[in-house]
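Notes for the structure review
Residue strings, one per chain:
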Amino acid sequence: QVQLAESGGGLVQAGGSLRLSCAASGRTFSRSVMGWFRQAPGKEREFVAAIVWSDNRTYYSDSVKGRFTIARDNAKNTVSLQMNSLKPEDSAVYYCAGGASYRSSWSSSENYPYWGQGTQVTVSL
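Computed from a predicted structure; not experimentally measured.

Cut-offs and rules
- Residues numbered from 1 in each chain as written.
- Predicted model: local features only at pLDDT ≥ 70, side-chain atom pairs only at ≥ 80, totals over all residues.
- Heavy atoms only, no water.
- Helix = DSSP H or I, 4+ residues; strand = E, 2+ residues; numbered from the N terminus.
- Polar contact = N/O pair within 3.5 Å; in protein donor to acceptor, adjacent residues only side chain to side chain.
- Contact = heavy atoms within 4.5 Å.
- Phe/Tyr/Trp six-rings, centres within 6.5 Å; stacked < 30°, edge-to-face > 60°.
- Buried < 20%, exposed > 50% of the residue type's maximum accessible area, 1.4 Å probe, protein only.
- Lys NZ or Arg CZ within 6 Å of the ring centre and 35° of its normal.
- Core = buried A, V, L, I, M, F, W, Y, C linked by side-chain atoms within 4.5 Å.

Next up on the list: the side chain of Asp90. Within the secondary structure, Asp90 is located in the loop between β8 (78-83) and β9 (92-100). A polar contact is formed between the side chain of Asp90 and the side chain of Arg38, at a distance of 2.9 Å. Within the local environment of Asp90, its side chain forms a polar contact with the side chain of Arg67, the two groups lying 2.8 Å apart. Each residue touching Asp90, except ones within four places of it in the same chain, is listed here: Arg38, Arg67, Phe68, Ser85, Val121 and Val123.

Encoded structure:
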């Protein structure tokens, strides 16, 4: 009984910012990893960022490093993705994922058993 729910998607102009949030329920992830992935039409699902729940260590794809920040809020049991300096190439459906093993490849979607429904992010020129 694990549920993930994303929110915060929308339309933003290039160079702008957007903050996504993922609310987790039904499980304590402990040392597990939670992450964000995105998928644009006609493209494969792409890793964006990941965070180790217990110690706040983070990992980013090269395409978003320096622009995006993943963070957790233990009190609210949420994971956020702060997206700055957005580019049109960032447009995609963004998915929250959870439950990856601490010792697995955090960038591989197949290692995450739990997924949210996705939230659309559109970046205009």
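As a further point, take the packing of aromatic side chains. All chains considered together, the criterion is met by eight aromatic pairs. Between the aromatic rings of Tyr102 and Trp106, the centroid separation amounts to 6.1 Å while the plane-to-plane angle is 55°, which identifies the pairing as tilted. The partly exposed category is assigned to Tyr102, whose relative accessible area is 24%. Through successive ring pairs, a cluster of aromatic residues spans Phe37, Phe47, Tyr59, Tyr95, Tyr102, Trp106, Tyr112 and Trp115. The side chain of Arg45 reaches across the aromatic face of Tyr95, ending 5.2 Å from its centre. Above the face of the Trp115 ring, Arg45 is positioned so that its terminal group lies 4.4 Å from the ring centre.

The next thing to look at is the environment of Gly98. Along the chain, Gly98 turns up in strand β9. On the basis of relative accessible area, Gly98 is assigned to the buried category, the value being 0%. Taking C-alpha positions, Gly98 is 21 Å from Asp62, a pair spaced 36 residues apart along the chain.

For the rest of this paragraph, the subject is the nonpolar core. Counting 26 residues, the largest nonpolar core has Met34, Trp36, Leu81, Met83 and Tyr94 as its most contacted members. The set of elements that each furnish at least two residues to this core consists of β3 (18-25), β4 (33-39), β5 (46-52), β7 (68-73), β8, β9 and β11 (119-124). Looking at this core element by element, the count peaks at four residues for β3. The next biggest cluster of nonpolar side chains, apart from the first, holds nine residues, and it includes Phe37, Phe47, Val52 and Trp106.

Any link to function would need more than the numbers given here.
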